[in-house]
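# Summary of structural features
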Amino acid sequence: MSGNKKTNTVIFGGKFDPPHLGHQLSIFLALEKYKFDEVWIIPSFSHPFGYHPGDFETRLEMCRIMAEPFGEKAKVLDTERNLGLEVVYTVNLIEHLKKNFPGNDFSLLIGSDNWNVREKWKDFDRIEKMCRRIVVIGRGENEEGSFYLPDISSTLIKTMIKEGKNPEILLPAGIAEYIGKNKLYL
């Protein structure tokens, strides 16, 4: 970028186990509706709430497949793995990114499910101060007064696979094939 204009970047973290259309639609909204220059998709390496997501490399690769339609505007980063922390909190991630990428103006993209439990996050007040803005995207029909996405979850997709149902309609192009080829979530 020329001059002193910072790149308007939104951080989109999560388990992405697996990434689904709700995640992909969130990227689209960040770029098209909210006009961010780029979305940094950062899968969690160690989850602070004690979740144990699937293999990190597998989730990273599925995120790359999900991000393909957006070209260079959507970057998949393995930053959390490289922080060397036993548990990575969002506040640590944002501090790291701000320090190492001073040419970026960071915001945070989160789902309404996380927004509703933000008091459980470590130093959420600091996160709010470090971020230019926090964009909350809802899911399901219970969201009042805001835009919301279809009620799709990774848990639903994993359950469908275990029950022998095909979740392809809920997944970005290429993800169902990747899951099938690698025999995931059986």
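Higher on the page you've got the structure.
Our subject in this report is the structure included herewith. (Residues numbered from 1 in each chain as written. Predicted model: local features only at pLDDT ≥ 70, side-chain atom pairs only at ≥ 80, totals over all residues. Heavy atoms only, no water.)

## Observations regarding the overall build of the protein
A count of helices and strands for the protein gives eight helices and six strands. For 186 residues, the compact-globule estimate of 2.2 N^0.38 gives 16 Å, and the C-alpha radius of gyration of the protein, at 16 Å, lies within 12% of that figure. In terms of principal-axis extent, the alpha carbons of the protein reach across some 50 × 40 × 35 Å. For the protein, the residues scored as buried account for 46% of the 186 residues in total. In the protein, the share of contacts with a sequence separation of at least 24, taken over all contacts with a separation of at least 6, comes to 71%. Here the protein displays about 10,300 Å² of accessible surface, and carbon together with sulfur accounts for 49% of that area. The centroid of the 25 positive side-chain charges in the protein is displaced by 3 Å from the centroid of its 26 negative side-chain charges. (Helix = DSSP H or I, 4+ residues; strand = E, 2+ residues; numbered from the N terminus. Rg over C-alpha atoms; globule rule 2.2 N^0.38 Å. Buried < 20%, exposed > 50% of the residue type's maximum accessible area, 1.4 Å probe, protein only. Contact = heavy atoms within 4.5 Å. Areas by Shrake-Rupley, 256 points an atom, 1.4 Å probe, with all protein chains shown as cover. Lys, Arg positive; Asp, Glu negative; His and termini not counted. Charge placed at Lys NZ, Arg CZ, Asp CG, Glu CD.)

## As for the pattern of salt bridges
According to the stated counting rule, one finds nine salt bridges in the structure shown. Salt-bridge contacts for Glu38 lead to Lys75; the nearest nitrogen and oxygen are separated by 2.9 Å. With a gap of 37 residues between them, Glu38 in strand E2 (residues 38–43) and Lys75 in strand E3 (residues 74–76) connect regions that are remote in the sequence. Lys165 is paired through a salt bridge with Glu163; the nearest N and O atoms lie 3.1 Å apart. The class for Lys165 is partly exposed, based on a relative accessible area of 47%. (Salt bridge = Lys/Arg side-chain N within 4 Å of Asp/Glu carboxyl O.)

## What to know about the packing of aromatic side chains
Counted by the stated rule, this structure contains six aromatic pairs. With a centroid separation of 5.2 Å and an interplanar angle of 90°, the aromatic rings of Phe12 and Phe16 are classed as edge-to-face. On the accessibility criterion, Phe16 (2% relative accessible area) is buried. Centroid distance Phe45 to Phe56: 5.0 Å. Interplanar angle 85°. Geometry classified as edge-to-face. Here the residue Phe45 occupies a position in the loop between E2 and helix H2 (56–67), and Phe56 occupies one in helix H2, the gap between them amounting to 11 residues. Three or more aromatic residues joined by ring pairs make a cluster, and in this case those are Trp40, Phe101 and Phe106. (Phe/Tyr/Trp six-rings, centres within 6.5 Å; stacked < 30°, edge-to-face > 60°.)

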